[in-house]
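# Coordinate inspection notes
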Amino acid sequence: GTDAEKHRDLLAAENERLRQEMKACEAELQELRWQQQQAPCCDCPHLQENAGLQEQLSQLQREAEETRAKLVELDLEVQQKTNRLAEVELRLKDSLAERAEEEERLSRRLRDSQETIASLKSQPQQIKYIIKTVEVESTKAKQALCETQSRNQYLQEQVGMQKQVLKEMEQQLQSSQKTEAQLRAQIMMYEAELERAHGQMLEEMQAMEEEKNRAIEEAFSRAQVEMKAVHENLAGVRTNLLTLQPALRTLTHDYNNLKRQVRDFPLLLQETLRSARAEISQAIEEVHSTNRELLRKYRRELQLRKKCHNELVRLKGNIRVFGRVRPITKEDGEGPEAANAVTFDADDDAVLHLLHKGKQVSFELDKVFPPQASQEEVFQEVQALVTSCIDGYNVCIFAYGQTGAGKTYTMEGTAANPGINQRALQLLFSEVRGKAADWDYTITVSAAEIYNEALRDLLGKEPQEKLEIKLCPDGSGQLYVPGLTEFRVQSVEDINKVFEFGHVKRVTECTNLNEHSSRSHALLIVTVRGLDRSTGLRTTGKLNLVDLAGSERVGRSGAEGSRLREAQHINKSLSALGDVIYALRSRQGHVPFRNSKLTYLLQDSLSGDSKTLMMVQVSPAEKNTSETLCSLKFAERVRSVELGPVSRKAELGSWPSQEHLEVPKRLAGDSPGSAAPPGRGHASPSPGQLSSRSASIRRKLHTSG
Ligand code: ADP
Ligand code: MG
């Protein structure tokens, strides 16, 4: 028991020591943890290992704790057992003392008894008696001895049992000592483990410390570099600051100024607004007056421009000659007769070549339209003439050429592709609309026909009625046709109606319109009257669009009766037209307007500042080359009479006759112009023959040199 106690005390002391050590270890661990927290090394490779070790450590601690608990348990058990052992020993001691006492008492009685027996033997009777009593008593004693012996036996058994128990307890103690040794070994193992972990931890701590130092050093050097840069920056900023200070001063000054200005701004604004308003109204007034002045100047300029334009046209020639070649059509047939005989000059749009009887003849006009020229293109060249009629000028556009050369196509065109007539009216409408702000315009249309020198109204109620051309009774020298119907037109629809009306009339009147129309002159007379609302100025311009009768010559043999008469009339009127144009272009004093109804009717549209366009139509077919040649010669002759010095006029020979028909004498003998062919040196006409307008032309001519 004392051994066990001693052992237990030793264990307890050992246990205490271990506990102290563990506490110290924990404290160390705590410190290490704290250090690690202070200098965390995030990317340290030992961190994981450390965590593992810590885990292991905690495992070991747990195990040590368990062992400690077990040890405490065992201690308790040993204590209990020691206590029981002491109890048993005490009981054993008691029973031993009891037995010794009993033995003592029994041996004393035995000795007494033996003494008694001996004394009794000496006293036989008595002895016998005594023996007997002794014998009796001896059985009793024997019984008591037996009892005592059994009791002794029992006690001995008890002692044996107690010894057994003691032995067991010793065994138990031994096993517990064994367990303790085992535990001690385990504790030692744990301690070694702990020591190893501690060493590892220390190593890691060392490594971490080194790493930390390295990082600190690095950071320090980096910080030094940065510090240097910051210092430099600071120096720069300092110098900047030094330079900025004056700027700041001026800015502050400016700012103060601005503040003052802002404070004063509303007043200033009001004042400025007042003065600006006054200035603006004054400026508006000035602009108004300038505007008025400008308007006046503009009007004057407009007049001047018009004048200049007219002068230009006059210089270019008031009479212009264009040629238009129609394409070869199905009507021309096939074979060599329908071959193309007309070619053009790629570089000069005024030149045309005709292959006639194997010879190439070239002509130069003001412009030549090849077969592919569209109605639009043709009209573009004509539209300047048309618009000048709005400004109060008279214009004549003639389509000249043999039948089938395209006169009607050029003037009237087709429904899908209208000619000059309709396009001219459309243009007039749009121009008039554009000027509607200042001007009032009225446009009227008349349609007439000259057949066999008789003038007939195509829009009138009685188309058969022959109309006369008369001088205005007001003495202005103007001509007019009493009874000629005039339709006022305001839109394209109106024109279409008028054209249709005239066409229907003509168709119903004639048995063969094609033939009839080729032998008569068709006139569309458009009158544009304008009134300038602001000035009260009035203008009148007339646009005469004439589809002439066919210019082809009629063979002597084939012409008889009415056919001959027709031919003679056509010849006469076309000759007269040629004569008039020639006389006009060569500035002759006398212009034989009266030689035909046509020229007489158009007198005021041909003379003076009037403008005339002769569109000579030709067919390109081989079979028509003779007629084409005639038409082109006519065109060239009209054109060759240049405006210009008088001397040049003299050089040019006489006006060639219009040889439609070989008649012995010119039929238009009633006029002085035809009696003496024009252009033959009428250099100084009698003053009475000069119309006022031609006199003005002459004056202009002289002044221009
Ligand atoms: P004219 O009036 O001189 O007798 P037309 O105008 O009737 O001749 O023309 C004769 C034919 O030739 C018509 O069928 C017409 O359509 C056609 N024609 C004339 N000129 C052209 C042209 N430039 N383009 C196409 N066809 C044309
Ligand atoms: Mg025709």
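Treat the numbers as computed from the prediction; the structure is a model and nothing was measured.

## Here's the deal with the overall build of the protein
- If you tally the helices and strands in the protein, you get 15 helices and 15 strands.
- Counting all 705 residues of the protein, 36% fall into the buried class.
- When contacts within the protein are restricted to residue pairs at least 6 apart in sequence, those whose partners lie at least 24 apart make up 71%.
- Summing over all exposed atoms, the protein offers an accessible surface of approximately 43100 Å²; the carbon and sulfur share of this is 54%.

## Here's the deal with the packing of helix H4 (residues 375–388) against helix H6 (residues 420–434)
- H6 packs onto H4 with a crossing angle of 50° between their chain directions and a minimal axis gap of 10 Å. Taken together, the axes of H4 and H6 lie oblique to each other. Regarding H4 and H6, the two cross each other, and that crossing is right-handed. Contact residues: H4 offers Gln375, Glu376, Val378, Phe379, Val382, Gln383, Val386 and Thr387, while H6 offers Ile420, Arg423, Ala424, Leu427, Leu428 and Glu431.
- A class-by-class count of the residues in the contact of H4 with H6 yields eight nonpolar, three polar and three charged.

## Observations regarding the site of ligand 1
- Close to ligand 1 lie Arg324, Arg326, Pro327, Gln402, Thr403, Gly404, Ala405, Gly406, Lys407, Thr408 and Tyr409, which account for all nearby residues.
- Gly404 places a main-chain nitrogen or oxygen 2.7 Å from an oxygen atom of ligand 1.
- Within the contact set of ligand 1, an oxygen atom lies 2.7 Å away from a backbone nitrogen or oxygen of Tyr409.
- Summarising the interface, the protein chains cover 71% of the accessible area of ligand 1, which totals 550 Å² for the free molecule.
- The dominant element in the shell around ligand 1, judged by the number of residues it contributes, is helix H5 (residues 407–411), at three residues.

## Overview of the side chain of Thr67
- Its location among the elements puts Thr67 in helix H2 (residues 46–122).
- Among the polar contacts listed, one links the side chain of Thr67 to the backbone oxygen of Glu63, at a separation of 2.7 Å.
- With residues near it in sequence (within four places) discarded, Thr67 still touches Leu183, Gln186, Ile187 and Tyr190.

## Things to note about the nonpolar core
- Within the largest apolar cluster, 48 residues are counted, with the highest numbers of intra-cluster contacts made by Phe398 and Met614.
- The element best represented in this core is helix H9 (residues 561–585), accounting for seven residues.
- The next biggest cluster of nonpolar side chains, apart from the first, holds 38 residues, and it includes Ala373, Ala399, Ala424 and Leu545.

## Examining the sheet that holds strand S4 (residues 359–364)
- The antiparallel open sheet is built from three strands, whose spatial order is S2-S3-S4. The strands lining the two open edges of the sheet, one partner per strand, are strand S2 (342–344) and S4. With strand direction ignored, the average angle separating the axes of adjacent strands in the sheet is 25°.
- Summarising the sheet, strand S3 (residues 351–356) and S4 pair through six bridges and their orientation is antiparallel.

## Overview of the pattern of salt bridges
- Summed over all chains, the structure comprises 29 salt bridges.
- Where Glu211 meets Arg214, a salt bridge forms, and the shortest distance between an N and an O atom there is 3.9 Å. With Glu211 and Arg214 both in helix H3 (residues 124–316), this residue pair falls three residues apart, about one helical turn.
- On the basis of relative accessible area, Glu211 is assigned to the partly exposed category, the value being 26%.
- In this structure, the salt-bridge partner of Arg529 is Glu486, at a minimum N-O distance of 3.5 Å. Here Arg529 is found in strand S13 (residues 521–532), whereas its partner Glu486 is found in the loop between strand S11 (479–480) and strand S12 (487–489), with 43 residues between them in sequence.
- Using a relative accessible area of 34% as the deciding quantity, one classes Arg529 as partly exposed.
- Overall, the relative accessible area of 41% leaves Glu486 in the partly exposed class.

Conventions used here
- Residues numbered from 1 in each chain as written.
- Chains lettered and ligands numbered in written order.
- Predicted model: local features only at pLDDT ≥ 70, side-chain atom pairs only at ≥ 80, totals over all residues.
- Heavy atoms only, no water.
- Helix = DSSP H or I, 4+ residues; strand = E, 2+ residues; numbered from the N terminus.
- Buried < 20%, exposed > 50% of the residue type's maximum accessible area, 1.4 Å probe, protein only.
- Contact = heavy atoms within 4.5 Å.
- Areas by Shrake-Rupley, 256 points an atom, 1.4 Å probe, with all protein chains shown as cover.
- Axes fitted to C-alpha atoms, helices over the stretch in contact; angles between N-to-C directions.
- Parallel < 35°, antiparallel > 145°, perpendicular 65-115°, else oblique.
- Left-handed = near helix turned anticlockwise from the far one by under 90°.
- Nonpolar A, V, L, I, M, F, W, Y, C, P; charged D, E, K, R; others polar.
- Near = heavy atom within 4 Å.
- Polar contact = N/O pair within 3.5 Å; in protein donor to acceptor, adjacent residues only side chain to side chain.
- Core = buried A, V, L, I, M, F, W, Y, C linked by side-chain atoms within 4.5 Å.
- Pairing = 2+ DSSP bridges.
- Salt bridge = Lys/Arg side-chain N within 4 Å of Asp/Glu carboxyl O.

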